[in-house]
Amino acid sequence: MGLHSAQKKHFPLRGIDGVVQLFDAELRKSEPDLALLSLVLGFVEHFLAVNRVIPINVPGVRFEPLEPDCPNSCFPTVELGMISALYERFTAQIRGAVDLSQYRRTASGSSRELVKKVSDVIWNSLSRSYFKDRAHIQSLFSLITGTKLDSSGVAFAVVAACQVLGLKDVHLALSEDHAWVIFGKNGEETAEVTWHGKGNEDRRGQTVTAGVNEKSWLYLKGSYMKCDRNMEVAFMVCAINPSLDLHTDSSELLQLQQKLLWLLYERGDLDRYPMAMGTLADLEDQDPIPGKENPLKIHLQAVSSAQKHYNNEHIYPYMYLAGFHYRHRNVRDALRAWAKAAQVMQDYNYFREDEEIYKEFFDIANDVIPTLLKETTAAAESPGEGGEGGEGADKEHPKQAAALSALQDPECFAQLLRFYDGICKWEEGSPTPVLHVGWATYLVQSLSRFDAQVRQKVSIVIKELEPQDDDDQSSEDPREGRRRGPRRESKLEEQSSSPPAAPTSPASQTAAAAQPKKVGDGGGRRRSSQSLRGGDTEGKPKSPSLDSAPSPSPSPSPSSSPQQQASPSSAGPVVAFQSEKMKGMKELLCAAKVNSSAIKLQLTAQSQVQMKRQKSTPAGDYSMSFMKRQRKSL
């Protein structure tokens, strides 16, 4: 069965508005036709980005200028004949390969065997060898005309094929870097249908339960998006790739993507799709449409959506927000958003398949933040050094004044510490190490941008857990009990260690940091960290939602450093460290001079990665064995 007459009447599609009108009509239906819309987008993208040629060289395809007075900006006219032929070919291929009578259908929905069969049909129609990370192979147009699809394109094609077969319970499931399908009653069943990463090995037909239980970012601990049909349309719109090469984008494709996302946004179809809102906000920031919402407001809505619908387990809403502030050189807000992203990341375990988010954090820590602080330092030092502090300087050199205020703001330094604390905590208990000497080099560089008096205005406290967590040794994940051990060690050694002049071991550094500690009110590590993220995690003493921080003006303990006693904690923000590495660096971070060697040694020490290979420690044994270098076997 081909296209319906109601669909045919929209053709030919002329210009961006013609495509938007077709999408609008399909989104008004209970079941928008995924195959049709994907073929249209793939056709347009092919002739604007892949085969961008002079119109007369393409037989059967007409190009029309988007603007009458701008012949250089052309848009392919989407003819009914070509799209209808591609559509019938796809539907015939799927219906001819899958005999529904051979598979049981229950009241709850489709069977795993049937979903696996559909994925086999898509999988077997692909070319045997091609570069699977190349651009512009995410649509059904690429599948039908070139037998190529990328990883997420395979998952989408499986869902579109199931729609062709009338399997309305099969939908797309999305994390921030992977896609699979859900089916059955209320989407309770899950099935892998594609590969992930560079290898071709797949787990097709298997559930995603193992990935959820091991707390890898790839599966978001179960807080992934369960799409409906309109969200699946939003997914294909977000998948539009406007790049012509590494440095150039198609302006026509950017305009098309922006208008389609506005259509979905205004219909409310992006309310549960944070990454789509982030994409829309970025497009709007780059080329705003008059009368539309502020990009910053959309970014904040994306963050709110992740907090409301996905247990605040998503990273990219904060990344998009930080990118917005970075482009506008808003140092404080950019650092705050990156810190919140790291605080979300700290509750995951790092696995090899999470390399995409590792690259994001690596680039931020070792390129973006150092560059931002370097530019800020240069701006602060550039013009008229003589009138640096007066009001006249602020008026004459606003950029210089903003740069000075950022480098002299203890809150900026506090957010930098929270960012690294989240990264270090992410590494704890993970089977794969995160930090190496490259991280340490740029950490020292970033710390050095802040003067000692600014760093000493930040009050650092050590976050501890309630005693009842000792019983968590019997939790489902054996890493949990082992991960908690070292925190009691810091509590036990507080009274016996002397304040170090030049700390040489994480244990002694942690022991010297005997700031007042407040136990989290939730009992479990995850709950306490979520309550820290749920409210205002700025770290300001007056914030009532920062339930893990001490009272606003704690009296300095005898083991506090002289610098901290000189500046009361009420004068600056409070940072509650959760990672063992940052706890061990407490004194180093606020010292008058940045000790680069000691910081590098501490940050790159053998971390909790070793703990997975060790036996779980008894209830009363809180040795720092995870900090000891493992002897190599002969």
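Residues numbered from 1 in each chain as written. Predicted model: local features only at pLDDT ≥ 70, side-chain atom pairs only at ≥ 80, totals over all residues. Heavy atoms only, no water.

**A short note on the overall build of the protein**
A count of helical and extended segments in the protein gives 27 helices and eight strands. Here the protein holds 634 residues, and the buried ones make up 56% of them. Partitioning the contacts of the protein with sequence separation of at least 6, the portion at a separation of at least 24 is 70%. Accessible surface computed for the protein: about 27,000 Å², of which carbon and sulfur atoms make up 50%. (Helix = DSSP H or I, 4+ residues; strand = E, 2+ residues; numbered from the N terminus. Buried < 20%, exposed > 50% of the residue type's maximum accessible area, 1.4 Å probe, protein only. Contact = heavy atoms within 4.5 Å. Areas by Shrake-Rupley, 256 points an atom, 1.4 Å probe, with all protein chains shown as cover.)

**Some thoughts on the pattern of salt bridges**
For the structure shown, the criterion picks out 26 salt bridges. With a closest N to O distance of 3.2 Å, Arg 14 and Glu 64 form a salt bridge. Note that Arg 14 is positioned in the loop between helix 1 (5-8) and helix 2 (15-27) and Glu 64 in strand 1 (residues 63-67), a separation of 50 residues in sequence. In this structure, Glu 31 and Arg 229 form a salt bridge, with 2.9 Å as the shortest nitrogen-oxygen distance. With Glu 31 in the loop between helix 2 and helix 3 (34-50) and Arg 229 in helix 9 (residues 229-238), this pair connects stretches of sequence that are 198 residues apart. With relative accessibility at 23%, the residue Glu 31 sits in the partly exposed group. When salt bridges with common partners are traced through the structure, they connect Arg 14, Arg 62, Glu 64 and Glu 79 into a single cluster. (Salt bridge = Lys/Arg side-chain N within 4 Å of Asp/Glu carboxyl O.)

**Topic: the sheet that holds strand 6 (residues 225-226)**
Taken in spatial order, the four strands of this open sheet run 5-4-3-6, and their pairing is antiparallel. This sheet does not close on itself; its edge strands, each paired only once, are strand 5 (189-191) and strand 6. Here four bridges tie strand 3 (residues 171-174) to strand 4 (residues 179-183), and the two strands are oriented antiparallel to one another. By the bridge assignment for strand 4, Leu 172 is matched with Val 181. (Pairing = 2+ DSSP bridges.)

**A short note on the packing of aromatic side chains**
The full count for this structure, using the stated rule, is 19 aromatic pairs. Between the aromatic rings of Trp 180 and Tyr 224, the centroid separation amounts to 4.9 Å while the plane-to-plane angle is 75 degrees, which identifies the pairing as edge-to-face. On the criterion of sequence distance, the pair formed by Trp 180 in strand 4 and Tyr 224 in the loop between helix 8 (209-213) and strand 6 is long-range, its members being 44 residues apart. Trp 180 gets classed as buried once you look at its relative accessible area, which sits at 0%. Judged by its relative accessible area of 10%, Tyr 224 is buried. The interplanar angle of 65 degrees and the centroid separation of 5.0 Å between the aromatic rings of Tyr 350 and Trp 426 together place this pair among those described as edge-to-face. Highlighted residues: Tyr 350 in the loop between helix 14 (331-345) and helix 15 (355-381) and Trp 426 in helix 18 (residues 410-427), separated in sequence by 76 residues. For Tyr 350, a relative accessible area of 5% puts it in the buried group. (Phe/Tyr/Trp six-rings, centres within 6.5 Å; stacked < 30°, edge-to-face > 60°.)

**Considerations on unusual backbone geometry**
Put simply, Phe 11 and Pro 12 share a cis peptide bond, and its omega is -5 degrees. In this structure, Lys 215 is a non-glycine residue whose phi angle is positive, near 60 degrees.

**Regarding the side chain of Ser 223**
Summarising the element assignment, Ser 223 is placed in the loop between helix 8 and strand 6. If near-sequence neighbours (up to four positions away) are discounted, Ser 223 is found in contact with Tyr 310, Asn 311, Glu 313 and His 314.

**Details of the packing of helix 2 against helix 3**
Between helix 2 and helix 3, whose axes approach to 11 Å, the crossing angle comes to 165 degrees. With respect to their mutual orientation, helix 2 and helix 3 come out roughly antiparallel. For helix 2 against helix 3, the interelement crossing comes out left-handed. In this structure, helix 2 uses Val 19, Leu 22, Phe 23 and Glu 26 to contact helix 3, whose residues at the interface are Leu 36, Leu 37, Val 40 and Leu 41. Tallied by class, the residues present in the contact of helix 2 with helix 3 amount to seven nonpolar, no polar and one charged. (Axes fitted to C-alpha atoms, helices over the stretch in contact; angles between N-to-C directions. Parallel < 35°, antiparallel > 145°, perpendicular 65-115°, else oblique. Left-handed = near helix turned anticlockwise from the far one by under 90°. Nonpolar A, V, L, I, M, F, W, Y, C, P; charged D, E, K, R; others polar.)

**Description of the packing of helix 11 (residues 274-286) against helix 12 (residues 295-309)**
Two numbers describe how helix 11 lies on helix 12: the axes approach to 8 Å, and their chain directions differ by 170 degrees. When the axes of helix 11 and helix 12 are compared, the pair comes out roughly antiparallel. Here helix 11 contributes Pro 274, Met 277, Gly 278, Leu 280, Ala 281, Asp 282, Glu 284 and Asp 285 to the contact with helix 12, which in turn contributes Pro 295, Ile 298, His 299, Gln 301, Ala 302, Ser 305 and Ala 306. Looking at the contact of helix 11 with helix 12 residue by residue, the class counts come to eight nonpolar, four polar and three charged.

**Points about the pairing of strand 8 (residues 574-577)**
A two-sided burial pattern is seen for strand 8, the buried positions comprising Val 574 and Ala 576 on one face and Val 575 and Phe 577 on the other. Relative to strand 8, strand 7 (residues 459-462) runs parallel, the two sharing four bridges. Bridged to Val 461 within strand 8 is Ala 576.

**Some thoughts on the confidence of the model for the protein**
Across the protein, the average pLDDT comes to 79, with 72% of residues at or above 70. In the model, residues 468-569 has pLDDT below 50 throughout and makes 194 contacts with residues more than four positions away in sequence or in other chains. Counting contacts from residues 608-634, a segment whose pLDDT is below 50, to residues more than four positions away or on other chains yields 42 contacts. (pLDDT = per-residue confidence, 0-100.)

**Some words on the environment of Ser 459**
Structurally, the position occupied by Ser 459 is in strand 7. The class for Ser 459 is buried, based on a relative accessible area of 11%. Along the sequence, Ser 459 and Pro 410 sit 49 residues apart, while their C-alpha atoms lie 9.8 Å from each other.

**Let's talk about helix 13 (residues 316-327)**
Its 12 residues place the ends of helix 13 16 Å apart at the C-alpha level, agreeing with the 16 Å of an ideal helix rising 1.5 Å per residue. For helix 13, the buried fraction is high: 11 of the 12 residues fall into the buried class. Turning to helix 13, its buried residues number three or more, namely Tyr 316, Pro 317, Tyr 318, Met 319, Tyr 320, Leu 321, Ala 322, Gly 323, Phe 324, His 325 and Tyr 326. In this structure, the buried side of helix 13 is in contact with helix 11, helix 12, helix 14 and helix 15. Positive phi shows up at Arg 329, right after helix 13, with a value of about 55 degrees. (Expected span 1.5 Å × (residues − 1).)

**What to know about helix 7 (residues 151-164)**
Along its 14 residues, helix 7 runs 20 Å from first to last C-alpha, staying within 8% of the 20 Å computed at 1.5 Å per residue. Directly after helix 7, the chain includes Gly 166, whose backbone phi takes a positive value near 85 degrees.

**What about the nonpolar core?**
Phe 23, Phe 90 and Ile 122 are the most contacted members of the largest nonpolar core, which has 96 residues in total. Of the residues forming this core, the biggest block, 12 residues, is contributed by helix 3. In this view, Phe 90 contacts Ala 35, Ile 122, Leu 140, Leu 143, Ile 144, Ala 157, Ala 160, Ala 161 and Val 164; residues no more than four positions away in its chain are not counted. In terms of nonpolar packing, the next biggest core, distinct from the first, is built from 72 residues, Met 345, Leu 372, Leu 416 and Met 582 among them. (Core = buried A, V, L, I, M, F, W, Y, C linked by side-chain atoms within 4.5 Å.)

**Looking at the pairing of strand 4**
Taken across its five residues, strand 4 has five buried, putting it largely inside the fold. Both faces of strand 4 are covered, namely the face carrying Ala 179, Val 181 and Phe 183 and the face carrying Trp 180 and Ile 182. Between strand 3 and strand 4, which pair antiparallel in sequence order, lie four residues. Where strand 4 folds back onto strand 5 in an antiparallel hairpin, the turn is made up of five residues, including Gly 184, whose phi is positive at roughly 85 degrees.

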